[in-house]
Amino acid sequence: MFCPKCATQNMEDAKFCRSCGTDISLLPQFLTGQLGARLAEADRVGRPGRRGRGRDREPASIERAVKSLFMGLTFIFIAFAVKTWMPAGNLWWFWMFLPAAAMLSDGVATYLRLAAEGKSQAPARPYAPPQTSVAPPRRAGALPPPETGEMVPPPSVTEATTRHLGVPAERQRRDG
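Criteria and thresholds
Residues numbered from 1 in each chain as written. Predicted model: local features only at pLDDT ≥ 70, side-chain atom pairs only at ≥ 80, totals over all residues. Heavy atoms only, no water. Helix = DSSP H or I, 4+ residues; strand = E, 2+ residues; numbered from the N terminus. Buried < 20%, exposed > 50% of the residue type's maximum accessible area, 1.4 Å probe, protein only. Contact = heavy atoms within 4.5 Å. Areas by Shrake-Rupley, 256 points an atom, 1.4 Å probe, with all protein chains shown as cover. Core = buried A, V, L, I, M, F, W, Y, C linked by side-chain atoms within 4.5 Å. Salt bridge = Lys/Arg side-chain N within 4 Å of Asp/Glu carboxyl O. Patch = residues over 30% accessible without salt bridge, like charges linked within 9 Å, V, L, I, M, F, W, Y side chains within 5 Å.

*Asks:* Could you clarify how one ought to interpret the overall build of the protein in this entry?
*Replies:* Counting its secondary structure elements, the protein contains six helices and zero strands. Overall, the protein shows an N-to-C arrangement of helices and strands of α-α-α-α-α-α. When burial is assessed residue by residue, the protein has 14% of its 176 residues classed as buried. Of all intrachain contacts in the protein linking residues separated by at least 6 positions in sequence, the fraction that spans at least 24 positions is 34%. Entry remark: accessible area of the protein is about 15700 Å², with carbon and sulfur atoms responsible for 62%.

Here it is as structure tokens:
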């Protein structure tokens, strides 16, 4: 087996390259296709020991933003209702602002993410070829221009831009 970093030949059961020290233990699994299947299975099942709320995988949508905003406003309303109508609510009503702030911030963040995605995915404008100074090519079915045999010299770049070299500049001003 060859090291992908330095191309040194190593033994088949080697875990590290003998030349550069690169970890090559997963290389046989990668070459046989077993590594991709194992990683895909791990992604499908999820990471063990980690609680996933599922909200991170949920795509941003306007429904999710509106739902979070309204739930945040509902928690604020409930906090004031608890303070007003519950006998023991004067002790703990303000703690309802924590989930309210979390819901409101999630709604605003989702809406801002949607707005940023909308700007990055601007509507496609119809294609317009770039303006160039070169004439467009002839169509394939167009007739060629008639051959008259007349030789026309190309126009000079310096034509009418230089003065006569035989006449000094002072004499031209006096004569004219």
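More follows now that the structure is in view.
*Asks:* What should I look at first to understand the nonpolar core in this one?
*Replies:* Considering soluble globular proteins, one finds that nonpolar side chains tend to be buried as a cluster. M1, C3, A14, C17, I24 and L27 together form the largest nonpolar core, which totals six residues. Ignoring any residue separated from it by four or fewer positions in sequence, one finds M1 in contact with T8, Q9, N10, M11, E12, A14, I24, L27 and P28.

*Asks:* I'm lost on the pattern of salt bridges in this one. Help?
*Replies:* Oppositely charged side chains can pair when the atoms bearing their charge come close. Considering all chains together, one arrives at one salt bridge under this definition. One salt bridge connects D106 with R64, and the closest N-O pair in it is separated by 3.2 Å. In this pair, D106 sits in helix 5 (residues 97-120) while R64 sits in helix 3 (residues 62-85), placing the two residues 42 residues apart along the sequence.

*Asks:* What exactly am I supposed to notice about a nonpolar patch on the surface here?
*Replies:* A cluster of nonpolar side chains, contributed by I62, V66, F70, L73, V108, Y111 and L112, occupies part of the molecular surface with about 670 Å² of accessible area. Counting residues per element, the ones that place at least two in the nonpolar patch are helix 3 and helix 5. Residue contributions to the nonpolar patch peak at four residues, all from helix 3. Here V66 is to be found in helix 3.

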